[in-house]
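Structural features, examined
In case you want the letters, here they are:
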Amino acid sequence: MTAKINVSKLGLFTVLPIAFVANVQAKNPQDSGLNISGVLNGYYQNSEKVLSEKAEGFGLGETELALSGAVDNAFYGKLTSVIESADGDTEFEIEEAFIQTQALPNGFSVRAGRFMSDIGYLNNQHLHTDAFVDRPAAYRAFLGSHYFDDGVRIDYIAPTDIYWAIGIEAFKGQKLQAEELKGEAKSVGAYTFYNKFGGDIGNSSSWQLGLSYLRNENGQAFAAEHHDDEADHDEHEDHHNDEHEGEHDHEEQAGHNHGASFTGKNLFSADVVYKWAPQGNYKYQHLTLSGEYFRLTDIFLAEEIEHQSELDKDHQAWYISGVYQFSPQWSTGVRYGRIDTYHLHEEVLESASLKETELQLSYHHSHFSTIRLQYTHQDGTEMFLPTNENSITLQFIMTLGAHSAHQF
Amino acid sequence: MHINSKLLLATALLGLSQMTHAALNVFACEPEYAALVKELAPDAKVYSATTALQDPHHIQARPSLIAKMRRADLVVCAGADLEIGWLPVLQMKAANARVRDKSKGLFFATEQVETLDKLDKVDRSMGDVHEKGNPHVHFDPNRLLLIAKALMKRLSHVDPSQSVHYHQQYEVFEHKWQQAITRWQQKAIALQGKNVIAYHSSFRYLFKWLQINQVDDLEPKPGLAPTTSHLAQLLKSANNQRVTAVILTSYQDTRGGEWLSKRAKIPMVVLPMSIGGNDDSQDLFSLYDSVINLLLESGQ
């Protein structure tokens, strides 16, 4: 069931408001039509959380409007705009605006424009498909929740029985820029390389394994002797509830910033996903187990500092998650994750860590609507010290229009 | 040296010609279409993305399916948006241009025939309905024959070197299938006019062909699982309408049906939705045999 409308009849820009106001009727076959979909996302949260953009009280999450379709037989295009409301400001952002080739031979495809990087397991998925209210702390700390950027990707899928995809990407990388750079930022700042493997075990189980690497040319912070202008250090001590506080004040004053809180030159990651459903029939019950590990190395460039080896520390983060849908309308999940980071305080590295335990119960009236109750326990030190260790979030996520894809 | 290079060239050419005659790689979305391809192209390498125990509305675009589609020469699916939740993702990720064009490597069965229950207007409040009509066309033997003919033409188009072979295979299939239709129709006369309650509109075409009336649906709305209040309502109407059976497919949850069957004292029948849905259903012929036998047995 999809809502598609004829692009030639209505200009692109008249379509945008109409999609929400009027009930746009589907008329055209899939390949000549334009798919329009919207995501509505609202929540109530009783307390702020460390490294989370969600405020206390009522709020709107990522509200999405997406247009997609085949441009012609050689190209596919997608535009996803996100409207977000935080701290009284309403922000309009383009999350995706890309084209992808559809007709290249031998398993090659190229994507260009703005899109979500294919590193890790969760990163290429939209936030509204997640089983929990927020991305794991690892993503919030190292990738700005989810890393999308302007760039280009070449992907190759091997003609093997086992699924094997390899890809390289190049991005602008501004979002992943370190707060203190030595010299000018490189205009192409981030490169990634990923490998994904996958297959089935019998009729009931499937798995996927991913290995990725991100090289961030602008990720290494320059640790100079003098840090007088860094006024945010004291604030770290008491309540660093907001990832934007202090860290990025120099670059972006207005609104908020979706960049990463922690950066470095190299980000290595490994992910594994296992899914099970009785006889592979996902409708009534299924289980998803997933885990990811991240290691961020070469955090500081410290040629002028005496004890250089002291600075040779890596950030690391991981999480494991299990989600069980036990009836067509109910699912529940548990996730545990932690991050261990270092920050420079008067030329000495200090460590800080955050442990997160989350439990959720979701009701799905149909596969287009979800109402979720989540309990989060945060146990953090230093800059990750939460104001409240325990928080509760009640959230709804609903989709309109074109059928959203069931990505693995 | 000269001889060697000639020999090499000959070997290479031989290899090339063998490659063009290599078995056709077919990706079928459902087992019934895998079986139909097998009838027409017995030498083809056929893979079915789903089994008869899986609801094709709810399939994961999992890595193994992407890998299979990557190598396919032809993709055969029901269409009419049955696979809308996963087929587009597979097509995007498999990066196989050969199976993207609906006049070449992509074949939708429902686009070869008229579907039932097409809707001019679809909105989400109606549940999981398909604007392009009911996609479960494989249980109408006459429509299936039309699909077979179109598929034979498509196979010939994708793999012209075997065109004659596909035509021959179709002739054989058509003859056998026509005979079988006559046999099934005679056998199923006893089922005409029976009232049944079924889960979803999975057997819409079967019931129309055999003149069985589906008076109620276990689902309160298409795609929504049976609720207690809805079942209680069905129990009332089951007695009034002289319902003879509660019918489910091999991939549907039996709890609602069992509840109703016990309370209303009418038999519950689980019919194979496709090949492999029960032990008897080994190909399209035995699938139809099994379905009709099960329906007849329940009536006694």
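Residues numbered from 1 in each chain as written. Chains lettered and ligands numbered in written order. Predicted model: local features only at pLDDT ≥ 70, side-chain atom pairs only at ≥ 80, totals over all residues. Heavy atoms only, no water.

Brief notes about the sheet that holds strand β5 (residues 195-198) of chain B
All names here are of chain B. Heads up, the condition is: A pair of strands is treated as paired once DSSP finds two or more bridges between them. Secondary structure elements follow DSSP: runs of H or I no shorter than four residues count as helices, runs of E no shorter than two count as strands, and numbering proceeds from the N terminus. Angles here are taken between N-to-C directions and fall from 0 to 180 degrees, while the axes themselves are lines fitted to C-alpha atoms, restricted in helices to the stretch in contact.
Within the open sheet, the four strands sit side by side as β6-β5-β7-β8. Their pairing is parallel. In this open sheet, the two strands that pair with only one neighbour each are β6 (213-217) and β8 (268-271). If you compare each strand with its neighbour and ignore which way they point, the axes differ by 35 degrees on average. Bridge count for β5 against strand β7 (residues 243-249) is four bridges, and the pairing is parallel.

Structural notes on the interface of chain A and chain B
Short version of the rule: Any two residues having at least one pair of non-hydrogen atoms within 4.5 Å are treated as being in contact. By definition, the buried area sums, over both parts, the 1.4 Å-probe accessible area that each loses when the two are put together. Put simply, a salt bridge is a Lys or Arg side-chain nitrogen that is within 4 Å of an Asp or Glu carboxyl oxygen. A 3.5 Å cut-off defines polar contacts: any pair of N or O atoms within that distance qualifies, except that in protein one atom must be a possible hydrogen donor and the other a possible acceptor, and neighbouring residues in sequence count only when both atoms are side-chain atoms.
Every contact between the two is made by 57 residues of chain A and, on the other side, 48 residues of chain B. Counting each side, the surface lost to burial between chain A and chain B is near 4400 Å², with a carbon and sulfur contribution of 50%. Here chain A and chain B share four salt bridges between them. Between the two partners, chain A and chain B, sit 15 residue pairs in polar contact (both at pLDDT 80 or more).

Re the environment of V188 of chain A
Mapped onto the secondary structure, V188 of chain A falls in the loop between β9 (163-171) and β10 (190-201). For the pair V188 of chain A and N35 of chain A, spaced 153 residues apart in sequence, the C-alpha to C-alpha distance is 32 Å.

Quick word on helix α8 (residues 228-240) of chain B
Residues and elements named next belong to chain B. Let me state the cut-off plainly: A helix is expected to span 1.5 Å for every residue after the first. Buried residues are those whose accessible area, probed at 1.4 Å on protein chains only, stays under 20% of the maximum for their type, while exposed residues exceed 50% and partly exposed ones sit between those limits.
With 13 residues, α8 should reach 18 Å at 1.5 Å per residue; the first-to-last C-alpha distance of 19 Å fits that figure. Residues of α8 that are buried: H230, L231, L234, L235, S237 and A238. Taken together, the buried residues of α8 touch β5, β6, β7 and α9 (255-264). Where α8 terminates, the next one or two residues include R242, which has phi positive at roughly 50 degrees.

Here's the deal with the pattern of salt bridges
Taken as a whole and judged by the stated rule, the model has 28 salt bridges over all chains. The partner of D161 of chain A in a salt bridge is K68 of chain B, and the shortest N-O contact between them spans 2.9 Å. One end of the pair, D161 of chain A, is in the loop between β8 (148-157) and β9; the other, K68 of chain B, is in helix α3 (residues 63-70), on a second chain. Ionic contacts of the salt-bridge type, sharing partners, join the residues D118, R153, E169 and K196 of chain A into one network.

Description of a negative patch on the surface
Residues and elements named next belong to chain A. Quick note on the threshold: Residues with no salt bridge and a relative accessible area higher than 30% make up the patches, which join like charges within 9 Å and nonpolar side chains (Val, Leu, Ile, Met, Phe, Trp, Tyr) within 5 Å. Shrake-Rupley sampling with a 1.4 Å probe provides the accessible areas, and residues are treated as covered by the protein chains on show and by no other component. His is not counted, nor are the chain ends; Lys and Arg add positive charge and Asp and Glu add negative charge. Note that the charge is assigned to NZ on lysines, CZ on arginines, CG on aspartates and CD on glutamates.
Together, E48, E56, D87 and D89 give the surface a local cluster of negative charge. Along the chain, E56 turns up in the loop between β2 (34-45) and β3 (57-60). For E56, a relative accessible area of 53% corresponds to the exposed category.

What about the packing of aromatic side chains?
Residue and element names in this part refer to chain B. Note the following rule: Put simply, two rings from Phe, Tyr or Trp (the six-membered ring, in Trp's case) pair if the centres are within 6.5 Å, and we call them stacked under 30 degrees between planes, edge-to-face over 60, tilted for the rest.
By the definition in use, this model includes 25 aromatic pairs over all chains. Where F27 meets Y47, the ring centres are 6.1 Å apart and the plane angle is 45 degrees; that geometry is what we call tilted. Note that F27 is positioned in strand β1 (residues 25-28) and Y47 in strand β2 (residues 45-48), a separation of 20 residues in sequence. Note on F27: relative accessible area 1%, which makes it buried. Ring geometry for F139 against Y288: centres 5.7 Å apart, planes inclined by 50 degrees, an arrangement best described as tilted. Here F139 is found in the loop between β4 (106-108) and α5 (141-158), whereas its partner Y288 is found in helix α10 (residues 284-298), with 149 residues between them in sequence.

Regarding the packing of α5 of chain B against helix α6 (residues 163-187) of chain B
Residues and elements named next belong to chain B. Going by this rule: Roughly parallel here means an angle under 35 degrees, roughly antiparallel means over 145, roughly perpendicular means 65 to 115, and every remaining angle is called oblique.
One way to put it is that α5 packs onto α6 with a least axis distance of 9 Å and a crossing angle of 175 degrees. Comparing the axis directions of α5 and α6 gives the class roughly antiparallel. On α6, the residues touching P141, N142, L144, L145, A148, K149, M152, L155 and S156 of α5 are S163, Y166, H167, Y170, F173, E174, W177, Q178 and I181.

Brief notes about the sheet that holds β2 of chain B
Residues and elements named next belong to chain B. An order of β2-β1-β3-β4 is seen for the four strands of this open sheet, with the pairing classed as parallel. The outermost strands of the open sheet, each flanked by one partner alone, are β2 and β4. Between one strand axis and the next, the sheet turns by 20 degrees as a mean value, whatever way the strands run. Sheet analysis places strand β3 (residues 74-77) next to β4, joined by three bridges and oriented parallel. By the bridge assignment, V75 is partnered in β4 with L106. Set on the sheet, α3 makes contact with β1, β2 and β3; between it and β1 the angle comes to about 140 degrees.

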